[in-house]
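Coordinates in review
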Amino acid sequence: MATETSSVRSSSAIWRMLTSDRGAQWTARLLALGIWQVLSDRVVDRLPSPRETIEIMVLEYQNGDLITNILVSYRRVGTTLAIVLVLGILIGSAMGKWMPARYYFKDIVFILVSLPGFIWALLSVMWWGFSDKGPIVVGVLVATPILAINAYQGAQAVPANLRAMSRAYRVPLRREFRSLTLRSMSEYLFAGFRICVLAGFGGVLLTEWFGNSEGIGFRQHYWYDGNNFNGMLGWGIVEILTIVAIDRFLFDPLLRRLRAWRVGGEEWSG
Amino acid sequence: MAATQRPVRARPRARRVVPAFYSLLGLLTLLGLWSATTYWIVFDPYILPPPWLVAQRMWELLGEGLVFSNFASSLGKTFLGWLFAFAIGIPLGLAMGRYRYAKAFLNDFVYLVSNVPAIFWAVMSILLFGINPLGAAFIVMIVVLPVVLLNIAAGVESVDRELLGMSRAFKVRRMLVVRSVVLPTILPFVLAGARVSFANSWKIEALTELFGGRRGVGYQIGQAFGRYSVVDTLAWMFFFVIFVVLFERIVLVRLERWLFRWRPMLSESSVVTVQG
């Protein structure tokens, strides 16, 4: 009787674990891995299996290509995002604060947002060839309007009474920007910057693919030219891991810190 | 009396004219900078053609009949992708909104798909489909699916519980409850989400054509790049912008207004997007 009760207890514990959120997530992950294996074995000849993908990336690591090219792309993305941060905040906060600036930049920003990054990437290759300038300029062109829109929305969220009080006390513009505008905008800037990382990284990768001799995008194109699908997918996995790592190890802790004073709230990214 | 009325009348006109003036000034500055660069910095129109040469080329392309056929081809593939996304996304989104397990199960998929660089999808399209129009449609489906899922799930979660309780109390048939209560709540979310994701799906579709297509806007841009023709690339780029703006502002917004003319519009903030 006691054995029966304990087996019922353990089976209900397993059932609870399987049907929990974590259980559902792990079931989905294992299922995705299984589907990938079956697709590569039975359905699509070109698609490399998980094992083949890992093998080629180990080879890339042993050749010294993995780390070198990753670092080149990261340096470019870092430079891009530093420029985007300055330009995006300046344009966006000007749009939020002054009516002429709002309408002056509105259409320009809208046009830039509508343009796909790959067209800029192709143009940059034709203009600057295989240089460092192309990936950085494309990243800036793709990501700046996104941050500007978010900064503009953030600047509009600045409490009007605090702004009026700053004027009444004749607070210098720089101090008002640092202590009031930037703080009120922080949530919007954070959300915008998160998208900017993805957009800027994408712009850099595209330019490296179409015309560069270094970087993640270049290496992926190298395997594309060699008709080697294992290498193409392997570097694609590097791209995904980069974004996931930035999100989990940089943005999530930052977001927790930013929202530490809030009670409750729910976020999607799991 | 007339003197007191004048400023009241003048103000709305000023409200329209002043923004239009600054907006025009912004665009003219852009065009001016571009023209000045071609004249004083770059010199060679082959490397950076002036705006009027690009406009002339756009006119020629329109005359050659290339523009409409290629945009129609790209639009067809985009719509096919959307169709697949809605066919799969509606039942899955309903499940996500209704069951916690389904939401947790699809969590990683939504997160990953919405955070993967576009180039990855272009590569996947070649891997899975080779040079095939289905590849572009498949990638559009993958990119649009998270938006559909999140918006349908948000729609289901926002269904009025009191109305559902009342339907149960009056023993209304389940299908009738879905048609009369659930669907009208969800549809505005779906359409608003679709409008938000349109520009993104269109960009991904064109990129996929650039990598492996035989027709479409992306293919034409790739051809222009192959010839190293900056003027052609810029001409297609402007067609791209014009098309996205017109389609979004005229077709999608009007469709949304017409479909939901009987109820207040959703505010931008209530639309669930996968980024930000």
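Computed from a predicted structure; not experimentally measured. Each chain carries its own residue numbering, running from 1 in the written order of its sequence. Chains carry letters and ligands carry numbers; both start at the beginning, A for chains and 1 for ligands, and go up in the order they are written. pLDDT decides what is reported in this predicted model: residues at 70 or higher carry local features, side-chain atom pairs at 80 or more are listed and counted, and totals for whole chains, interfaces and linings draw on all residues regardless. The basis for the side-chain values is all heavy atoms of the structure; hydrogens and waters are excluded.

1. Considering the overall build of chain A
Defined as follows: Helical segments are the DSSP runs of H or I of at least four residues, strand segments are the runs of E of at least two, and each set is numbered from the N terminus. When we talk radius of gyration, it's over C-alpha atoms, and the globule rule is simply 2.2 Å times the number of residues to the 0.38. Working definition: with a 1.4 Å probe on protein chains only, accessible area under 20% of the residue-type maximum means buried, over 50% means exposed, and in between means partly exposed. Any two residues whose heavy atoms approach within 4.5 Å are treated as being in contact. With residues, only the protein chains shown are counted as cover, and all accessible areas are computed by Shrake-Rupley using a 1.4 Å probe.
Per the secondary structure count, chain A includes eleven helices and zero strands. Listing each helix as α and each strand as β along chain A from the N terminus yields α-α-α-α-α-α-α-α-α-α-α. Taken over the C-alpha trace, chain A has a radius of gyration of 24 Å; the compact-globule value for 270 residues is 18 Å, which it surpasses by more than 25%. The principal-axis extents of the C-alpha atoms in chain A amount to approximately 75 × 65 × 30 Å. A burial count over chain A gives 46% of its 270 residues as buried. Partitioning the contacts of chain A with sequence separation of at least 6, the portion at a separation of at least 24 is 71%. When the accessible area of chain A is evaluated, it comes to approximately 14500 Å², of which 63% is carbon and sulfur surface.

2. Points about the confidence of the model for chain A
Residue and element names in this part refer to chain A. Our working rule: Per residue, pLDDT captures the predictor's confidence, and it can take any value from 0 to 100.
Mean pLDDT over chain A works out to 86, with 94% of the residues at or above the 70 mark. For chain A, per-element mean pLDDT is lowest for helix α1 (residues 2-19), which scores 76, and highest for helix α4 (residues 65-97), which scores 93. Contacts of residues 264-270 to residues separated by more than four positions or lying in other chains number 16 contacts, the stretch itself having pLDDT below 50.

3. A word on the packing of helix α5 (residues 118-129) of chain B against helix α8 (residues 174-212) of chain B
All names here are of chain B. What counts is decided by this rule: Between the N-to-C directions of two axes lies an angle of 0 to 180 degrees, each axis being a line fitted to C-alpha atoms and, for a helix, fitted only over the stretch in contact. When describing relative orientation, an angle under 35 degrees is termed roughly parallel and one over 145 degrees roughly antiparallel, while 65 to 115 degrees is termed roughly perpendicular and anything else oblique. Two helices crossing with the near one rotated counterclockwise from the far one by less than a right angle form a left-handed crossing, whereas a clockwise rotation gives a right-handed crossing. When residue character is reported, Ala, Val, Leu, Ile, Met, Phe, Trp, Tyr, Cys and Pro are called nonpolar, Asp, Glu, Lys and Arg charged, and the others, Gly included, polar.
One can describe the packing of α5 onto α8 by two numbers: an axis separation of 9 Å at closest approach and a directional angle of 50 degrees. As judged from the angle between their axes, α5 and α8 are oblique. In the crossing of α5 with α8, the sense of the turn from one axis to the other is right-handed. For the pair α5 and α8, the contacting residues are A118, I119, W121, A122, S125 and I126 in the first and I204, L207, T208 and F211 in the second. Here the residues of the contact of α5 with α8 sort into eight nonpolar, two polar and no charged.

4. Some details on a nonpolar patch on the surface
Residues and elements named next belong to chain B. What counts is decided by this rule: Like-charged residues within 9 Å of one another, or nonpolar side chains (Val, Leu, Ile, Met, Phe, Trp, Tyr) within 5 Å, are grouped into patches, provided each residue has over 30% relative accessible area and no salt bridge. By definition, a salt bridge exists where a carboxyl oxygen of Asp or Glu is found within 4 Å of a side-chain nitrogen of Lys or Arg.
Residues Y39, W40, I41, W52 and L53 make up a contiguous nonpolar surface patch of about 650 Å² in total accessible area. Every element with two or more residues in the nonpolar patch is listed here: α1 (2-42) and α2 (51-64). For the nonpolar patch, the leading source of residues is α1, giving three residues. With a relative accessible area of 52%, Y39 lands in the exposed category.

5. A few points about the packing of aromatic side chains
What counts is decided by this rule: In this scheme Phe, Tyr and Trp rings, the latter by its six-membered ring, pair at centre separations within 6.5 Å, and the angle between planes marks the pair as stacked below 30 degrees, edge-to-face above 60, and tilted otherwise. Should the NZ of a Lys or the CZ of an Arg lie within 6 Å of a ring centre and within 35 degrees of the ring normal, that charge is described as sitting over the ring.
Tallied over the full model, the rule gives 25 aromatic pairs over all chains. In this structure an aromatic cluster arises from ring pairing among B:F71, B:F79, B:W82, B:W202, B:W236, B:F239, B:F240, B:F243 and B:F247. The ring of A:Y222 is capped by A:R219, whose NZ or CZ atom sits 4.2 Å from the centre of that ring.

6. So, empty space enclosed by the protein
Here is the rule we go by: Think of a 1 Å grid over the protein atoms and nothing else: a 1.4 Å probe that fits but is trapped marks a cavity, an open set flanked by protein within 12 Å on at least five of seven lines marks a pocket, and residues with an atom within 4 Å of a point count as lining. Grid points are joined across faces, edges and corners, and a volume is the space filled by probe spheres set on the points.
A full pass over the atoms with the stated rule returns two cavities of 30 Å³ or more. Approximately 50 Å³ is the volume found for the largest cavity. Taken together, A:R194, A:V197, A:L198, A:I243, A:I246, A:D247, A:F251 and B:N115 make up the lining of the largest cavity. In terms of residue count, helix α11 (residues 229-258) of chain A provides more of the lining of the largest cavity than any other element does, four residues in total. By volume, the second largest cavity amounts to about 30 Å³. Forming the boundary of the second largest cavity are B:K77, B:S125, B:N132, B:P133, B:G135, B:A136, B:T208, B:E209, B:G212 and B:G213.

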